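Letter by letter, the chains look like this.
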Amino acid sequence: ETGVTQSPTHLIKTRGQQVTLRCSSQSGHNTVSWYQQALGQGPQFIFQYYREEENGRGNFPPRFSGLQFPNYSSELNVNALELDDSALYLCASSSTTGVGNEQFFGPGTRLTVL
Amino acid sequence: GQSLEQPSEVTAVEGAIVQINCTYQTSGFYGLSWYQQHDGGAPTFLSYNALDGLEETGRFSSFLSRSDSYGYLLLQELQMKDSASYFCAVGSNTGKLIFGQGTTLQVKP
């Protein structure tokens, strides 16, 4: 069973640029959630995708957008990067949208915005 | 809105027992989860409580009191490898998790 993978591991961008982060969900999982984790903080929910549709969104502006593909992998896109977007971006997959289900996290992408 | 409170830091010695508390305020409660995160690592699931009471998984136990909006994670027979951050998280009907700020546990020899 392959775990959740994310790419790239690290990324450095400048203010105003755009970035795409990728996530491959665990085999058999149809739900992917994205989180932003600032240093010393808990993960903050960005949005969730279930069977290619957005299924819930946190308090993030529209410049944060995403996609889920038929193979359940997912992308997080951030436009017009701001300094405060510097964080660890985590994706997590699960087998249903049910809350009690364990979410399996990937290792994250560390984004630095200069 | 939804919010969770947990202590920022806890220190204990190897072999001891430690309890990490979590209080929450949420509209529409869908269970309390606990995750462990080592420095530089991914959060990993530890436990989930939907109903009141104690859930035990090896050295770790988790407790929930919905009437008190309170839960805790109990770690027994502490080992050095248990040094990590521990997050409580509440769920919503859309499947999203709202995480607390995390408790850094330092286990000393």
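You'll find the structure just up there.
Computed from a predicted structure; not experimentally measured. (Residues numbered from 1 in each chain as written. Chains lettered and ligands numbered in written order. Predicted model: local features only at pLDDT ≥ 70, side-chain atom pairs only at ≥ 80, totals over all residues. Heavy atoms only, no water.)

The next point concerns the sheet that holds strand β3 (residues 19-24) of chain A. Residues and elements named next belong to chain A. Taking strand neighbours across the sheet as the criterion, the four strands line up as β1-β3-β8-β7 in an open arrangement whose pairing is antiparallel. The sheet is open, and its two borders are formed by β1 (5-7) and β7 (64-68), each paired with just one other strand. With direction set aside, neighbouring strand axes in the sheet form an average angle of 20°. As paired elements, β1 and β3 share three bridges and run antiparallel to each other. (Pairing = 2+ DSSP bridges. Helix = DSSP H or I, 4+ residues; strand = E, 2+ residues; numbered from the N terminus. Axes fitted to C-alpha atoms, helices over the stretch in contact; angles between N-to-C directions.)

All right, on to the state of the cysteines then. Residues and elements named next belong to chain A. In total, this model carries two disulfides over all chains according to the counting rule given. Here C23 engages in a disulfide with C91; their sulfurs sit 1.9 Å apart. Looking down the S-S bond of the C23 and C91 bridge, the torsion is 70°, so its handedness is right-handed. With a gap of 68 residues between them, C23 in strand β3 and C91 in strand β9 (residues 87-94) connect regions that are remote in the sequence. Looking at C23, the relative accessible area reads 2%, which means it is buried. (Disulfide = S-S within 2.5 Å. Buried < 20%, exposed > 50% of the residue type's maximum accessible area, 1.4 Å probe, protein only.)

Let us now look at the environment of R15 of chain A. Residues and elements named next belong to chain A. Its location among the elements puts R15 in the loop between β2 (10-13) and β3. With a relative accessible area of 58%, R15 lands in the exposed category. Along the backbone, R15 and G106 are 91 residues apart, and their C-alpha atoms lie at a distance of 26 Å.

Moving on: the packing of aromatic side chains. Using the criterion set out here, one finds 14 aromatic pairs over all chains in the structure. Judged by centre distance (5.1 Å) and plane angle (65°), the rings of F60 of chain A and F64 of chain A are edge-to-face. Here F60 of chain A matches F64 of chain A in class, with each residue buried. Where F63 of chain B meets Y72 of chain B, the ring centres are 5.0 Å apart and the plane angle is 20°; that geometry is what we call stacked. Judged by its relative accessible area of 23%, F63 of chain B is partly exposed. (Phe/Tyr/Trp six-rings, centres within 6.5 Å; stacked < 30°, edge-to-face > 60°.)

Right, let's talk about the pairing of strand β4 (residues 31-37) of chain A for a bit. Residue and element names in this part refer to chain A. The buried fraction of β4 amounts to seven of the seven residues, a majority that puts the element mostly inside the structure. Side chains T31, S33, Y35 and Q37 of β4 all project onto a buried face; the interleaved residues V32, W34 and Q36 project onto the opposite face, where all are buried too. Bridge analysis of β4 against strand β5 (residues 44-50) gives six bridges, and the strand direction is antiparallel. Pairing of S33 across the sheet is with Q48, part of β5. Pairing of β4 with β9, which is carried by seven bridges, proceeds in the antiparallel orientation.

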